[in-house]
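# Understanding the architecture of this molecule
Listed below, chain by chain, are the residues.
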Amino acid sequence: MKTPLQKLLAAAGLAALPALAMADNFPERPIELIVTYEAGSGADVMGRLIARLMSGHLPNGQQVVVVNRPGGGGTIGMTALTRAEPDGYTFAYTTSSPVTIQPHYGRTTFSIEDLAPIAKVIEVPAALNVHRDSPIENFEQWLEFVRANPRSFTYATTGGTGSGTHLVTEELAEALEVEIRHVPFEGDANSAAALSGGQLMGTMQMPNMHRGGDVRPILFMTSIKPPHPDYADIPTTTELGIPAVADFFAGFFAPAGTPPERIAVLEAALEAAMQEDDIVNFLNNAQFPIVFAGAEEFGEIVAETSTLNRAMLVRLGLIAD
Amino acid sequence: MDLLAQIDLWVLGTGLLSIALGLLVGLFFGAMPGLGLTIAITLLLPLSYSMSPVNAILMLLAAYQAAEYAGSISAITLGIPGTVMAAPILQDGRPMARNNSPGKALGYSLYASVFGGLVGAAMLILFSQPLSRFALTLGDSEFFLLGLLGLVAVTSFEAADPLKALISIVLGLLVGLVGLDIISGMPRLDFGIPQLFDGLSLIALVVGLFALSEAYFMMAGNMCAGHRVPSENLRITLTWREMRDSGKAAITGSGIGVAVGILPGVGSTVSGWLAYSAARKLSKTPELFGKGSPDGIVAPDAANNATVGGALLPFLTLGIPGSAAIAIISGAFIIHGLQPGPLLARNNPEFLNAIFLGFVVTTIGMFFVARTLNTGFVRLLVTPNVVLVPFVIMLSILGIFTFRAEFFDLWLALGISMLALAFRKLDYSIVGFVLAVVLAPIIETSFRRALVIADGDYTVFIQRPISAVLIAGMAVLVVYATLRTVRRDRAMLNKKEA
């Protein structure tokens, strides 16, 4: 069935504009969503939840089918995405690292130019933390301490050397002209345990005071904070004007070349899905603030984060300029 | 105890089904000579992807428990141990089956297995919380030493030839280092292959090492030969008095089983024999051993099953697998995003409680399932390899591929299975290899991280009292292994001279 508008357009001889005609019917079959992490992982749970809810907001009642392509630090799934037909029927859910860090190492066959951002749906807050019982009470005291004692403050990151948490903390140290020592960890539970066990003086991760943990923030290095009242008085680098602001996002991408009308359809379905109770509750439980950025804004975030990361990787000597 | 507060009908139903499936598969694979424990767990692993974490782990543990017992079924009825661990059962199980009745021997074996399993479960429930709390105070330097202790233990106990075990371990360590190095942020030994960036797929590795290589071995033998099994007196008949009389052997065996299980890297191949000789030394009638002594069946069987709980303890509390089978089960933990170690008790207490509860149910369930289906399992032993081999290969390929739909993993498993074949033909240690693969990241990362934290000061490894204990433990194991080798070489020399 053609809509009256289409009939009108056809009559006017404008039906030859294929993109417009396609956009009107997209999607005509189920859409494949590549999740770049293992089935059952945190990202997979979130990706599947969003996929289920966005199906209800897609035209023609089409379903979103999740396919897990884990491995390569998330890059295997993104490689598969860039090799897919850019017709809107394949898109991917991933996090910031496979997009804004991994391609700089030259190990991936894709760069951000090969991706069309659709929407950012989550941003994970992260802070520079100390132990709950640490004598360092706030950012000023910390700064005093690290200035007086160069190379004595040890901090854990949750992704190891060259991970996003490492890069932004080095940006902080560089901006404040202090020397602190990085200790690589894997996963935020491990770094939190090392802090509790007294192995380290600090961590760079999502704090866990709201869950009764020992990880107490002194400075958020993301522009957002968890909504919990415990964190209300903790400053962010954005507020203090320190040029060390990270964006640990999770979001959706299509292959570059996907028609913008189809990206708009997916973006609209995502935006609607992110307002559903299931998701809002999920984010509240995780203490993630609600953020949503559409295709255009997300594209700018991706490009900016990627540029900053590249510069820091070069300064750390991890990649050649 | 909030163990019982978490019962929910749906959870209970699916949990019991998973346990039942694990028990049946474990009994079948354990009883079939050649298939054995590790293959049972390996082939069930892929099935666990889509299950809830608790059900997945319980199914695998059920298979572990059941296969530990079922190895005795074929040892007693056929005279061929279904698993390596059941070899000590042969000593007295076979004579008793011939002189008395197979059912009697099977009865002793089953009751001892259940007893040992329950002792293992009790140890887990009693000690996992305190041990986890203690482990949280351990730093990287201690974890490095713990991992190293595991490798030393495998070298000294598990292999016939410590030198070959050492070579296997070094190869395993190399394989375990493949992938991203979090300290430098660079991938290593990945040959630019993106599928290797996160390390080798543990599923492909264990399926290749255990299941595929075993299938090749079976193909090399007589594919059509079936076993002859006795058809009479298979029913389990054991009186209360008979159980009570062998109680001492059951307790000795369980104690040894738990202790050996806790020792990282050493499994029931060792505990069974240790229990057997200990029971003989403690027995009032040592002359009956080898001629059908009940204690000679009870002690090793109790030890085998107590090893399961024992091996689980360091895994759940420290993240260090106590046996090769647990190293395979660690694959299921990874798949479900659960990190074995001290954090498990703190972050997932309900998961741990469910596992403990399920573990007890598994052990008791094993008693009833085995008791009812014993005769059936004995009859199944006639299945010729020509049926089993395609079945094993098909399940292996399906299992590897469904994990993450990578053809690369299939090629990897093929390569690994060839390596395993060479290992087994030349008497290298597959167990040492797989444990080294699993322990390599723990050992390496904690070693290097301890040095980063200490700013390059090597004394960090000997500063704390617990380090001294661990180093002393390693020294004892090394001395033991040396003495054992020297004694064996001397015995061989004497034999030659004679």
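Everything quoted here is computed from the prediction, not taken from an experiment.

What counts, and at which threshold
- Residues numbered from 1 in each chain as written.
- Chains lettered and ligands numbered in written order.
- Predicted model: local features only at pLDDT ≥ 70, side-chain atom pairs only at ≥ 80, totals over all residues.
- Helix = DSSP H or I, 4+ residues; strand = E, 2+ residues; numbered from the N terminus.
- Rg over C-alpha atoms; globule rule 2.2 N^0.38 Å.
- Buried ≥ 20, exposed ≤ 12 C-beta atoms within 10 Å, placed from the backbone.
- Contact = placed C-beta atoms within 7 Å.
- Pairing = 2+ DSSP bridges.
- Axes fitted to C-alpha atoms, helices over the stretch in contact; angles between N-to-C directions.
- Nonpolar A, V, L, I, M, F, W, Y, C, P; charged D, E, K, R; others polar.
- Domains from an automatic or database assignment.
- Parallel < 35°, antiparallel > 145°, perpendicular 65-115°, else oblique.
- Left-handed = near helix turned anticlockwise from the far one by under 90°.
- Core = buried A, V, L, I, M, F, W, Y, C linked by C-beta atoms within 7 Å.
- Expected span 1.5 Å × (residues − 1).
- Bend = angle between axes of the 7 residues up to and from the residue.
- Right-handed = clockwise from strand over helix to strand, strands pointing away.

What follows is about the overall build of chain B. From N to C terminus, chain B includes 19 helices and two strands. Taking 23 Å as the expected radius of gyration for a compact globule of 498 residues, we find that chain B reaches 22 Å, a close match to that expectation. Projected onto its principal axes, the C-alpha coordinates of chain B cover approximately 70 × 55 × 50 Å. With 498 residues in all, chain B has 57% of them scored as buried. Counted over contacts in chain B with a minimum sequence separation of 6, partners at least 24 positions apart contribute 79%.

So, on to the pairing of strand 3 (residues 90-95) of chain A. Residue and element names in this part refer to chain A. A large share of strand 3 lies buried, amounting to six of its six residues. Burial along strand 3 is two-sided: the residues Thr90, Ala92 and Thr94 and Phe91, Tyr93 and Thr95 are all buried. As paired elements, strand 1 (residues 31-35) and strand 3 share four bridges and run parallel to each other. Along strand 3, the bridge assignment pairs Leu33 with Phe91. Across four bridges, strand 3 lies against strand 10 (residues 248-255) in antiparallel orientation. Each bridged residue has a counterpart across the sheet, and for Thr95 the counterpart in strand 10 is Ala250.

Looking now at the sheet that holds strand 4 (residues 115-124) of chain A. All names here are of chain A. Taken in spatial order, the five strands make up an open sheet running 2-1-3-10-4, and their pairing is mixed. A strand with exactly one partner marks an edge of an open sheet, and here the two such strands are strand 2 (64-68) and strand 4. Across the sheet, the mean angle separating the axes of adjacent strands is 25 degrees when strand polarity is ignored. With five bridges connecting them, strand 1 and strand 2 associate as parallel partners. Pairing of Ile34 across the sheet is with Val67, part of strand 2. Across the sheet, helix 10 (residues 260-273) is in contact with strand 3, strand 4 and strand 10; its angle to strand 4 comes to roughly 15 degrees.

What follows deals with the sheet that holds strand 9 (residues 215-220) of chain A. Residues and elements named next belong to chain A. Taken in spatial order, the five strands of this open sheet run 7-6-8-5-9, and their pairing is mixed. A single partner strand is all that each edge strand has here, and the edge strands are strand 7 (181-184) and strand 9. Along the sheet, successive strands turn relative to each other by an average axial angle of 35 degrees, direction set aside. Examined bridge by bridge, strand 6 (residues 154-157) and strand 7 share four bridges and lie parallel to one another. By the bridge assignment for strand 7, Thr157 is matched with Pro184.

This part is about the interface of chain A and chain B. Taken residue by residue, the interface counts 28 residues in chain A and 25 residues in chain B. Those elements that place two or more of their residues in the side of chain A that touches chain B are helix 4 (75-83), strand 7 and helix 8 (188-196) of chain A. The residue inventory of the side of chain A that touches chain B, partitioned by class, reads nine nonpolar, 17 polar and two charged.

The subject of this paragraph is unusual backbone geometry. A cis geometry characterises the amide bond from Phe26(A) onward to Pro27(A), with omega recorded as -5 degrees. Even without glycine at this site, Gln287(A) takes up a positive phi of about 60 degrees. With respect to the helices and strands, Gln287(A) occurs in the loop between helix 11 (277-286) and helix 12 (295-315). Judged by the 19 C-beta atoms lying within 10 Å of it, Gln287(A) falls in the partly exposed class. Despite not being glycine, Asp427(B) has its phi angle at roughly 65 degrees, a positive value. Looking at where Asp427(B) falls in the secondary structure, it is placed in the loop between helix 17 (407-425) and helix 18 (430-453). Of the residues examined, Asp427(B) has 12 C-beta atoms within 10 Å and is grouped as exposed.

What follows concerns the domain arrangement of chain A. Residue and element names in this part refer to chain A. For chain A, the assigned domains are domain 1 (4-123 + 248-315) and domain 2 (127-240). In this structure, domain 1 and domain 2 have C-alpha centres spaced 31 Å apart. Taken together, the contact pairs eleven residues of domain 1 with 13 residues of domain 2. Residue assignment for the side of domain 1 that touches domain 2 shows that the elements contributing at least two residues are helix 5 (96-100) and helix 12. A per-element tally of the side of domain 1 that touches domain 2 places helix 12 first, with three residues. Across the side of domain 1 that touches domain 2, the residue classes break down as six nonpolar, four polar and one charged.

Moving on: the packing of helix 1 (residues 9-31) of chain B against helix 3 (residues 53-77) of chain B. Residue and element names in this part refer to chain B. It is at 6 Å that the axes of helix 1 and helix 3 come closest, and there the two elements cross at 30 degrees. The orientation of helix 1 with respect to helix 3, classified from their angle, is roughly parallel. Once helix 1 is placed against helix 3, the crossing between them reads as right-handed. The residue makeup of the contact of helix 1 with helix 3, split by class, is 20 nonpolar, ten polar and one charged.

By size, the foremost hydrophobic cluster in this structure holds 246 residues, and its most contacted members are Ile118(A), Leu270(A), Ile41(B), Leu60(B), Ala63(B) and Val434(B). Among the elements that take part in this core, helix 3 of chain B stands out by supplying 17 residues, more than any other. Two domains share this core, each providing at least three of its residues, namely domain 1 (4-123 + 248-315) and domain 2 (127-240) of chain A. Discounting residues that sit within four places of it in the chain, Ile41(B) has contacts with Leu60(B), Ala63(B), Tyr64(B), Ala325(B), Ile328(B) and Ile329(B).

So, on to helix 5 (residues 102-135) of chain B. All names here are of chain B. With 34 residues, helix 5 extends 46 Å between its outermost C-alpha atoms, agreeing within 8% with the 50 Å of an ideal straight helix rising 1.5 Å per residue. Approximately 45 degrees is the largest bend angle found in helix 5, and it occurs at Phe127, with the proline Pro130 only one to four residues beyond. Within helix 5, 25 of the 34 residues are buried, which leaves it mostly tucked inside the rest of the structure.

So, about the pairing of strand 6 of chain A. Residues and elements named next belong to chain A. Taking every second residue as pointing to the same face, both faces of strand 6 are buried, with Thr154 and Ala156 on one and Tyr155 and Thr157 on the other. One crossover worth recording links strand 6 to the parallel strand 7 by way of helix 7 (residues 164-176), and it is right-handed. Of the strand pairs in this sheet, strand 6 and strand 8 (residues 202-205) are connected by three bridges, and their pairing is parallel. Within the sheet, the bridge partner assigned to Thr157 lies in strand 8 and is Met204.

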